[in-house]
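Spelled out from the first residue to the last, the chains are:
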Amino acid sequence: MSEKPSNFLTEVIDADLAAGKVKEIHTRFPPEPNGYLHIGSVKAIWINWSIANAYGGKFNLRYDDTNPAREDVEYVNSIREDLEWLGAVPNGGVYYGSDYFDKCYEYAEQLILEGKAYVCELSREELQAYRGDDAGKPGKDSPWRERDAQESLALFRRMRAGEFADGEKTLRAKIDMASPNMNLRDPAIYRIKHVAHHRQGDKWCIYPLYDYAHPIQDALEGITHSMCSLEFENHRPLYEWVVQNLGFGEFPKQREFARLNITNTVMSKRYLRELVELNVVEGWDDPRMPTLCGLRRRGYTPESLFRFVELAGVAKSVSLLDARMLDFCIRTQLDPVVPRRVAVLEPLKLVIDNYPAGKTEAFALPNNPKDENAGTRAVSFSGEIWIEQSDFAQVPPPKFKRLSPGSEVRLMGAYLITCTCVETDESGNVTCVHANADLETANGMPADGRKTRGTIHWVSCAHAVDAAVNLYDQLFTQADMNDIPEGADYKDYLNPDSVRTLPGCKLEAALADAKPGERFQFVRTGYFTPDAKNPARWNRIVTLKDSYKMPDAT
RNA sequence: UGCGGAAUUGUGUAAUGGUAGCACCUGCGACUCUGACUCGUAUUGUGAGGGUUCAAAUCCUUCUUCCGCAACCA
């Protein structure tokens, strides 16, 4: 990967290392298995994983599965697959937060005995009222706050034994009801939930809450630096309270960074799930989805995603990254390594009138003009070929270098041709272009050394493979979810052109047996890969840039 | 409202008191058998006011705006 990252997180680590407080850096990625990983998760993965790597430390994957009501094995499996695909190897191991339920429970009893936690019998509403709705004013002590430790312990054990209904009692940490930080006003650390756990089954009917369980999980795994997103910043004092009161000392240490946002992309798991459930998209792996499986199916590489979040940087301010930066990352990664192939997306027939009828020949086209070792392949040529509609203009606009009546262009790897005339239908649309070839210019080199302005690509009609191609665009028309007016339905801002299928695309024969996962540059158009679920159909990964701008028709 | 956090060019991110830099995007140009790639080049920035200092993006102060939290979610 790249050189050692440097940001405000690594500063903290460097300082801890320099002070001799820690020897080996240990990080973790703790997703809750309640949805599919998306490109926003890649930031969290990359930060934790790359830092562990850079310092020669360890990186854990830990499923944060403390709320059985929202979690499912489907997500557990998808997360594992996605992480494997990314290549972020958890060299510290794979863990489940729920495997620490016994330890969490023991620690809870310990806290009770030390008078640092108590069983509270306030209802959810009462508890909120006691905590204080009027911000700024201290909260009110629960009537059970000073309950005898043994009494709390007995109650807590009965909670575990299933003697109470959901919500009837909670275990609360005894911290500070007057704290300006609401998280410290005796937060609940255990709740009763008679729900089976996807991994623990019916073993438990009480489950620890995130703020209590997470620091314990981190501590037990020897995590030194627990890096999470900004919304947990207010929770850090509580995290530290747990770590210290359980006797772990200064580590693990939590630090926070800003989430990743991308233009015209929705990142919230809630909305993504809704898009799937409402069949707005094909599924979690729809190539328009920002999920890792969607991006993978579309043809993105793990390297490009890591590069993207690396380029975006780590900071604490809200950011909205331009999706075109991701385009840049995938293009620069694919360009030097991906084989070139010829494909005509929007075909227009071109007949070379002076080419011997029925003749066929083959030209050797380079697989990658930048890389001689990539070799060449034979591409069949004949007198009737497909060219791109956009490569012909009956009336050439300014600076147009492609084909137009009377002009000469190079057919890539083949002859120079000059357009002689066109056929049109009754409404004036061009249906066929006629041209004469300079038959002395096979392989593109004119004998007299004259310059040709343009080079266009082509596919022989007799040898073309038909295919359908999916062109993807941004799912949403609004750059940011915040641009959607208050109260409006975000689904009204779905981009109707987020996917366009072009049937009847003409591919060169060498693409006939391409496999999903293989990526090609369709010369002059973009990068493509066969769709994983429908290999007869090609997905566009990203468009090639075209610096020629058609002038406005004003 | 209370608490916490953040404001640097169109976007993102550097610069710990000393030349505001880098990348993306955009424009222009060069090169080219991909109008790709590559190369060159240009434009635009320290939220506002006050203060300290020889010197402020940086320190102090007032203000403004934005974000997060205020769950028996994570």
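Thresholds applied
- Residues numbered from 1 in each chain as written.
- Chains lettered and ligands numbered in written order.
- Predicted model: local features only at pLDDT ≥ 70, side-chain atom pairs only at ≥ 80, totals over all residues.
- Heavy atoms only, no water.
- Helix = DSSP H or I, 4+ residues; strand = E, 2+ residues; numbered from the N terminus.
- Rg over C-alpha atoms; globule rule 2.2 N^0.38 Å.
- Contact = heavy atoms within 4.5 Å.
- Areas by Shrake-Rupley, 256 points an atom, 1.4 Å probe, with all protein chains shown as cover.
- Lys, Arg positive; Asp, Glu negative; His and termini not counted.
- Charge placed at Lys NZ, Arg CZ, Asp CG, Glu CD.
- Buried < 20%, exposed > 50% of the residue type's maximum accessible area, 1.4 Å probe, protein only.
- Salt bridge = Lys/Arg side-chain N within 4 Å of Asp/Glu carboxyl O.
- Pairing = 2+ DSSP bridges.
- Axes fitted to C-alpha atoms, helices over the stretch in contact; angles between N-to-C directions.
- Parallel < 35°, antiparallel > 145°, perpendicular 65-115°, else oblique.
- Left-handed = near helix turned anticlockwise from the far one by under 90°.
- Nonpolar A, V, L, I, M, F, W, Y, C, P; charged D, E, K, R; others polar.
- Phe/Tyr/Trp six-rings, centres within 6.5 Å; stacked < 30°, edge-to-face > 60°.
- Polar contact = N/O pair within 3.5 Å; in protein donor to acceptor, adjacent residues only side chain to side chain.
- Core = buried A, V, L, I, M, F, W, Y, C linked by side-chain atoms within 4.5 Å.
- pLDDT = per-residue confidence, 0-100.
- Arc of directions from axis to C-beta.

Bringing the overall build of chain A into the picture now. Counting its regular elements, chain A contains 12 helices and 25 strands. Since a compact globule built from 554 residues should have a radius of gyration of about 24 Å, the 31 Å found for chain A marks it as more spread out than a globular shape. Long-range contacts, defined here as pairs at least 24 residues apart, represent 71% of the contacts in chain A between residues at least 6 apart. In the form shown here, chain A has an accessible surface area of approximately 24,800 Å², with 48% of it arising from carbon and sulfur atoms. Seen as two clouds, the 67 positive and the 81 negative side-chain charges of chain A have centres 3 Å apart.

Once that is clear, we can look at the side chain of Thr291. Of note, Thr291 is situated in the loop between helix H9 (269-277) and helix H10 (292-298). The class of Thr291 is buried, set by a relative accessible area of 0%. Once you skip the residues sitting within four places of it in the chain, Thr291 turns out to touch Tyr36, Leu37, His38, Leu272, Trp284 and Asp285.

Per the stated rule, a full pass over the model turns up 47 salt bridges. Close ionic contact of Glu231 with Arg259 constitutes a salt bridge, the shortest N to O distance being 2.7 Å. Here the residue Glu231 occupies a position in the loop between strand S8 (225-229) and helix H8 (236-245), and Arg259 occupies one in the loop between strand S9 (253-257) and H9, the gap between them amounting to 28 residues. The partly exposed category is assigned to Arg259, whose relative accessible area is 48%. Through salt bridges that share partners, Glu121, Arg147, Glu151, Glu168 and Lys169 make up one connected network.

The strand order across the open sheet formed by 7 strands is S10-S23-S24-S25-S21-S22-S11, and the pairing between neighbours is mixed. This sheet does not close on itself; its edge strands, each paired only once, are strand S10 (340-341) and strand S11 (343-344). Examined bridge by bridge, strand S23 (residues 520-522) and strand S24 (residues 526-530) share 3 bridges and lie antiparallel to one another. Opposite Phe522, over in S24, you have Gly526 as the bridge partner. Together, S24 and strand S25 (537-543) form the strand contacts of helix H12 (residues 323-334), whose direction differs from that of S25 by roughly 105°.

Let us look at the packing of helix H4 (residues 101-113) against helix H7 (residues 210-220). For any two helices packed against each other, the geometry is given by the interaxial angle and the distance between the axes. At a minimum axis distance of 10 Å, the contact between H4 and H7 shows a crossing angle of 115°. It follows from the interaxial angle that H4 and H7 lie roughly perpendicular. Judged by the twist between their axes, the crossing of H4 over H7 is right-handed. Contact with H4, carried on its side by Lys103, Cys104, Tyr107, Ala108 and Leu111, involves Tyr212, Ala213, Ile216 and Leu220 of H7 and no other residues of that element. For the contact of H4 with H7, the residue count by class is 8 nonpolar, no polar and 1 charged.

Once that is clear, we can look at the packing of aromatic side chains. Describing an aromatic ring pair means giving the distance of the ring centres and the angle of the ring planes. According to the stated counting rule, one finds 25 aromatic pairs in the structure shown. Look at Tyr107 and Phe248: their rings are 5.8 Å apart centre to centre, the planes differ by 75°, and that puts the pair in the edge-to-face class. Remark: Phe248 occurs in the loop between H8 and S9 and Tyr107 occurs in helix H4; sequence separation between them is 141 residues. Judged by centre distance (4.2 Å) and plane angle (40°), the rings of Tyr271 and Tyr490 are tilted. With Tyr271 in helix H9 and Tyr490 in the loop between strand S21 (465-472) and strand S22 (499-507), this residue pair connects regions lying 219 residues apart in the sequence.

Take the sheet that holds strand S3 (residues 93-96) next. Hydrogen bonds between backbone atoms are what pair the strands of a sheet, whose relative direction is either parallel or antiparallel. Taken in spatial order, the 3 strands make up an open sheet running S1-S2-S3, and their pairing is parallel. Taken across any chain shown, the strands that pair with only one partner, and hence form the sheet edges, are strand S1 (26-29) and S3. Across the sheet, the mean angle from the axis of one strand to that of its neighbour is 30°, orientation sign disregarded. One ladder, built from 4 bridges, connects S1 with strand S2 (residues 58-63); its direction is parallel.

Below, the discussion takes up the side chain of Glu388. Mapped onto the fold, Glu388 is located in strand S15 (residues 384-388). Despite its burial, Glu388 remains without a salt bridge, the nearest opposite charge being carried by Arg524 at 7.0 Å. Among the polar contacts listed, one links the side chain of Glu388 to the backbone nitrogen of Glu346, at a separation of 2.6 Å. Among the polar contacts made by the side chain of Glu388, one reaches the side chain of His457 at a distance of 2.8 Å. Those residues in contact with Glu388 that lie beyond four places of it in its chain are Ala343, Val344, Leu345, Glu346, His457 and Thr525.

One finds Ile39, Ile45, Leu305, Phe306 and Phe308 to be the most contacted residues of the largest nonpolar core, which totals 51 residues. Those elements that provide at least two residues to this core are helix H1 (8-18), helix H2 (39-54), S2, helix H3 (73-86), H10, helix H11 (302-312), H12 and S25. It is H2 that provides the largest number of residues to this core, a total of 9 residues. Grouped together as the second largest cluster of nonpolar side chains are 32 residues, Ile112, Phe156, Cys205 and Ile206 included.

Here chain A shows a mean pLDDT of 94. Residues at 70 or above account for 98%. As a predicted assembly, this complex carries a pTM of 0.94 together with an ipTM value of 0.95.

Taken together, the buried positions of H9 are Leu272, Leu275 and Val276. For H9, the angular spread of the buried residues around the axis is 100°, confining them to a single face. Residues of H9 that are exposed and point more than 90 degrees away from the buried face comprise Arg270 and Glu277. Just beyond H9, the residue with positive phi is Asn279, at close to 60°.

Here we take up the packing of H4 against helix H6 (residues 149-160). Close contact between H4 and H6 brings their axes to 8 Å; oriented N to C, the two are set at 155°. With respect to H6, the element H4 is oriented roughly antiparallel. Here the hand of the crossing between H4 and H6 comes out right-handed. Facing Asp102, Tyr105, Ala108, Glu109, Ile112 and Leu113 of H4, the residues of H6 in contact are Ala149, Gln150, Ser152, Leu153, Phe156, Arg157 and Arg160. The residue inventory of the contact of H4 with H6, partitioned by class, reads 7 nonpolar, 2 polar and 4 charged.

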